[in-house]
Amino acid sequence: MNLSLLARHSTLFSVLCGSFAVSTSLSIGLGQLKNLSDISWLDVLGEGSVGLLSIVWVFFLLISRPPGKVTSALVIGLCCFLFSASLDFYDEFLTYQDAATGLSMFESIPAAIGMFIMSYALYQWHQEQLVLNQQLHSREHDLRQHDQIDFITKLYGADYMRGQINNKLIAPPHSDFSIVMLDIDNFDQFNRKFGHAEGDRLLRQISELIIMNLRSSDLACRYAGDRFVLLLPNTGQKLALELAEQVRQAIFHLAYKPYQHPQAIYHNLTFAIDSVRPGDTTDNIIDRVNRSLDASKQLLYPSEVAL
Ligand SMILES: Nc1nc2c(ncn2[C@@H]2O[C@H](COP(=O)(O)OP(=O)(O)OP(=O)(O)O)[C@@H](O)[C@H]2O)c(=O)[nH]1
């Protein structure tokens, strides 16, 4: 279970605690304890479970979704629901005098409002998912092999990439096929300054930007660490250069804000391009583009790249 998103939802966490605190104070302030014999334990179990499960739902939302309008609406809707559920739960232990009977009369109103808010948010979530599915579809070429997907970036890994290059080499006719290898500059420094979890988040965002800038026929893979490979079928070197430069520009303009760091951090990529030549094998293409990238890095950062 990845809890890294939890720390970014402090406001929503306060809303959850606030709704719980208000319902508890209202109930305790206005009610009087029932006799034990008047308590229906079956109702306590049922209503207690509803409240508890609402909290579990909020927890899973907070660890699954990034901050944003849809997440806020889902959590606020659930908090309204939890507000009613907790009043209902306290009802089982408390009786209210005439002046406070309004509380039990109106206790279901927040739940209804919460359901409306959640319905709206679920519709927005559905729209969001349609866009994501479209992106997934375009990067997958109809074939998804889950065991070959990189856990952090959700891109295909190096093994899948090798398989795809192999297939391309053995399948005639041999049209233009270019390979771009990209490497994030100074990623190690970023990792050391902001931590590994932030590094993972940055890798994810960069991967999403890469996908968004590719055509439906292209494939992006995570080769290793901060190094990515783009496989571009039916693409000569000139077009490959244009595509790689578009990706570089997109990432260069990503204003990435690490957690609790007010200033945006910008990143550059270095890339190398190669095209399949007659008699090539998968290993020598990868080796060639790898060496070409190392050479470019060495020119840009002479002291950092090992020979
Ligand atoms: N957060 C995170 N870091 C990773 C992962 N895999 C590799 N790294 C880190 O990526 C960094 C790669 O370092 P380098 O190869 O020196 O890359 P660099 O700092 O970009 O240096 P240049 O390529 O010369 O610009 C190291 O700090 C690795 O620990 C990962 O999955 N997540």
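Residues numbered from 1 in each chain as written. Predicted model: local features only at pLDDT ≥ 70, side-chain atom pairs only at ≥ 80, totals over all residues. Heavy atoms only, no water.

1. Digging into the UniProt feature "transmembrane region" (unreviewed entry) in the protein
And step 1. Under the local residue numbering, the UniProt record ascribes the feature "transmembrane region" (unreviewed entry) to residues 12-33, 39-63, 70-90 and 102-123.
And step 2. Span residues 12-33 is 86% helix and 14% strand, its end C-alpha atoms 32 Å apart. (UniProt positions renumbered as here; feature names shortened; annotations may be inferred. Helix = DSSP H or I, 4+ residues; strand = E, 2+ residues; numbered from the N terminus.)

2. Quick look at the packing of helix α6 (residues 158-170) against helix α10 (residues 282-300)
And step 1. Relative to each other, α6 and α10 sit at 120°, their axes nearing to 9 Å. Classified by the interaxial angle, the pair formed by α6 and α10 is oblique. Crossing geometry of α6 relative to α10 is assigned as right-handed. Contacts between α6 and α10 involve M161, R162, I165, N166 and L169 on the former and, on the latter, T282, D283, I285 and I286.
And step 2. The class makeup of the residues in the contact of α6 with α10 is 5 nonpolar, 2 polar and 2 charged. (Axes fitted to C-alpha atoms, helices over the stretch in contact; angles between N-to-C directions. Parallel < 35°, antiparallel > 145°, perpendicular 65-115°, else oblique. Left-handed = near helix turned anticlockwise from the far one by under 90°. Contact = heavy atoms within 4.5 Å. Nonpolar A, V, L, I, M, F, W, Y, C, P; charged D, E, K, R; others polar.)

3. Some words on the site of the ligand
And step 1. Taken together, 17 residues lie around the ligand, and I184, F187, D188, N191 and D200 are the ones closest in.
And step 2. In the environment of the ligand, a nitrogen atom lies 3.1 Å from a nitrogen or oxygen atom belonging to the backbone of H196.
And step 3. For the ligand, whose unbound accessible area comes to 660 Å², protein coverage reaches 72%.
And step 4. For the shell around the ligand, the secondary-structure elements that each account for two or more residues are β3 (177-184), α7 (187-194) and α8 (196-212).
And step 5. Sorting elements by how many residues they give to the shell around the ligand places α8 first, with 4 residues. (Near = heavy atom within 4 Å. Polar contact = N/O pair within 3.5 Å; in protein donor to acceptor, adjacent residues only side chain to side chain. Areas by Shrake-Rupley, 256 points an atom, 1.4 Å probe, with all protein chains shown as cover.)

4. Description of the pattern of salt bridges
And step 1. Taken as a whole, this structure holds 16 salt bridges when the rule is applied.
And step 2. With a closest N to O distance of 3.2 Å, R201 and E198 form a salt bridge. Placement of the pair is R201 and E198 together in helix α8, with a separation of 3 residues, close to one helical turn.
And step 3. The exposure class assigned to R201 is buried, which follows from its relative accessible area of 13%.
And step 4. Connected through shared salt-bridge partners, D183, D185, R227, D294 and K297 make up one network. (Salt bridge = Lys/Arg side-chain N within 4 Å of Asp/Glu carboxyl O. Buried < 20%, exposed > 50% of the residue type's maximum accessible area, 1.4 Å probe, protein only.)

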